[in-house]
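# Remarks on the overall topology
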Amino acid sequence: MKAVMKVAPGIGNIELRDIDEPKMQAEQVKIKVHSAGICGTDLHIYKDEYPSFPPVVLGHEVAGEIIEISKEVDGYQIGDRVTTETYFSTCGICAYCRDGYTNLCLNRLSIGSGVNGGFTQYLVVPATNLHHLPENVSFEAGALTEPLACVVNGVLDKPPTVTPGDVAVIAGPGAIGLLTLQVVKSAGATVVTLGTDTDQQRFELAEQFGSDYTLNVQQQDPLDLIRQITNEGLGADIVYECSGAGPAAMQLIDLVRRQGRYVQVGLFGHAVSWDLDQLCYKELIATGSFASTPESWRRAIRLLADGTVQTMPLITDIFGVNDWRKAFDNFEQRNGIKTLLQPVG
Ligand SMILES: [Zn+2]
Ligand SMILES: [Zn+2]
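The following refers to the structure shown.

Rules and cut-offs
- Residues numbered from 1 in each chain as written.
- Chains lettered and ligands numbered in written order.
- Predicted model: local features only at pLDDT ≥ 70, side-chain atom pairs only at ≥ 80, totals over all residues.
- Buried ≥ 20, exposed ≤ 12 C-beta atoms within 10 Å, placed from the backbone.
- Helix = DSSP H or I, 4+ residues; strand = E, 2+ residues; numbered from the N terminus.
- Arc of directions from axis to C-beta.
- Contact = placed C-beta atoms within 7 Å.
- Axes fitted to C-alpha atoms, helices over the stretch in contact; angles between N-to-C directions.
- Parallel < 35°, antiparallel > 145°, perpendicular 65-115°, else oblique.
- Left-handed = near helix turned anticlockwise from the far one by under 90°.
- Nonpolar A, V, L, I, M, F, W, Y, C, P; charged D, E, K, R; others polar.
- Pairing = 2+ DSSP bridges.
- Right-handed = clockwise from strand over helix to strand, strands pointing away.
- Core = buried A, V, L, I, M, F, W, Y, C linked by C-beta atoms within 7 Å.
- Domains from an automatic or database assignment.

So, about helix 11 (residues 324-332). Taken residue by residue, helix 11 has Trp-324, Ala-327, Phe-328 and Phe-331 as its buried positions. Angularly, the buried residues of helix 11 cover 95° about the axis, an arc narrow enough to put them on a single face. Residues of helix 11 that are buried in the fold lie against strand 1 (2-6), strand 2 (14-18), helix 1 (40-46), strand 17 (315-320) and strand 18 (338-342). Where helix 11 terminates, the next one or two residues include Arg-334, which has phi positive at roughly 55°.

Shown next as structure tokens:
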């Protein structure tokens, strides 16, 4: 089967290779991949900014159909439509595993970086990682369950960062920003979405998803608007950095009020400068989150099932794995919002 693989450490080193179909082990299932999302992490792996263990098939945002089940597995049948959490193995004995934070396991291996992922035709994963796709969620839309679960983990699950009546600023209306926007709106906040000249199409989607204000920071200073719409002009209650761009991180520090909250959702891939004195002067709470937890997956699935969050409108491009290079270029040039790869054959 054709697979998009990181074949060696270093920058680049991604190739389409022909590999054997994976063999299923005990307590695993074999999934026929239907759709797999290209994520910022895949680009970071391309640029060697995120750890990977080549040779390895990339792709950790997967939706597909079960075609083989190990006999130990209950609760699933051949033909079930599923998506999968990303950890392939966690150690079960480190302090984080024991506390239930498997996303922070010191010895974790994830699909798409540590073990073979979904930019190919077939994938084996532990059955404990599976979630059924709701009936109203297509394979394409379901491939975005993983990024949604990451957003839920950072926004709602540890502990909730947003409460009704908050004024929230979201910087960066890409896929992660637009998922964050929908989750934050569902929690009852007023949302200001910030972007740049290249975000016109994204602004339209942001408005469709209920963003109360959208603003191009290259044309207008957002501070005036934030002063107008917040109590006594104090500033935003909470800011979400979803762009992974250094200037946005700095700007959000100006927009958040004293005793407000800064949440880092995007990844920069490198160190950025940040005025940490403001953490003291403003008594800010700054939080981040890594990947997702089973709890955040369950909540993500419910948000998709009841229509609170829509992922389909985010999908702008679908390529076959043969065209992975075009797909990666397209994604990197920010031509669309979310790009999927689908197996060929
Ligand atoms: Zn991802
Ligand atoms: Zn562990």
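Still more ground to cover, so stick around.
Next up on the list: unusual backbone geometry. With omega at 0°, the peptide bond leading from Pro-54 into Pro-55 counts as cis. On the secondary structure map, Pro-55 appears in the loop between helix 1 and strand 4 (56-57). Backbone geometry at Glu-27 places phi at a positive 65°, although glycine is not the residue there. Judged by local crowding, Glu-27 falls into the partly exposed class, with 13 C-beta atoms found within 10 Å. Of note, Ala-291 is a non-glycine position whose phi angle comes to about 55°, a positive value. Mapped onto the elements of the fold, Ala-291 is located in the loop between strand 16 (285-288) and helix 10 (294-305). For Ala-291, a count of 20 C-beta atoms within 10 Å puts it in the buried group.

Two numbers describe how helix 4 (residues 145-155) lies on helix 5 (residues 175-186): the axes approach to 9 Å, and their chain directions differ by 55°. When the interaxial angle is binned, helix 4 and helix 5 end up oblique. Judged by the sense of rotation from one axis to the other, the crossing of helix 4 with helix 5 is right-handed. Contacts between helix 4 and helix 5 pair Pro-147, Leu-148, Val-151, Val-152 and Val-155 from the former with Ala-175, Ile-176, Leu-179, Thr-180, Val-183 and Val-184 from the latter. By residue class, the composition of the contact of helix 4 with helix 5 is 10 nonpolar, 1 polar and no charged.

Let us look at the packing of helix 4 against helix 10. Each packed pair of helices is defined by two parameters, the angle between the axes and the distance between the axes. Contact pair helix 4 / helix 10: the axes reach a minimum separation of 8 Å and the direction vectors enclose 115°. By the angle class used here, helix 4 and helix 10 are roughly perpendicular. Regarding helix 4 and helix 10, the two cross each other, and that crossing is right-handed. Seen from helix 4, the contacting residues are Thr-145, Leu-148, Ala-149, Val-152 and Asn-153; seen from helix 10, they are Ser-296, Trp-297, Arg-299, Ala-300, Ile-301, Leu-303 and Leu-304. Grouping the amino acids of the contact of helix 4 with helix 10 by side-chain chemistry returns 8 nonpolar, 3 polar and 1 charged.

Before going further, it helps to examine the pairing of strand 14 (residues 236-241). Of all 6 residues in strand 14, 6 are buried; the element is thus mostly enclosed. Bridge count between strand 11 (residues 167-171) and strand 14: 4 bridges; the pairing is parallel. Within strand 14, the residue paired with Ile-170 across the bridge is Tyr-240. Where strand 14 and strand 15 (residues 256-264) come together, 5 bridges link them in parallel fashion. Looking across to strand 15, one finds that Tyr-240 is bridged to Val-263. With respect to chirality, the unit in which strand 14 leads through helix 8 (residues 246-255) into the neighbouring parallel strand 15 is right-handed.

On to the nonpolar core. Core analysis: the largest hydrophobic core is formed by 93 residues, its most contacted members being Val-4, Leu-148, Ala-168, Val-169, Ile-170 and Leu-252. Take this core: its biggest share by element is 7 residues, from helix 5. Counting the residues that make up this core, at least three belong to each of domain 1 (2-147 + 292-342) and domain 2 (159-288). Leave out the neighbours within four places in its chain, and Val-169 touches Val-192, Leu-194, Ile-226, Ala-236, Val-239, Tyr-240, Leu-252 and Leu-255.

What follows concerns the sheet that holds strand 4. Strand order in this open sheet of 3 strands is 2-1-4, and the pairing throughout is antiparallel. The sheet is open, and its two borders are formed by strand 2 and strand 4, each paired with just one other strand. Bridging between strand 1 and strand 2 involves 5 bridges; their strand directions are antiparallel. The residue bridging Met-5 from the neighbouring strand is Glu-15, located in strand 2.

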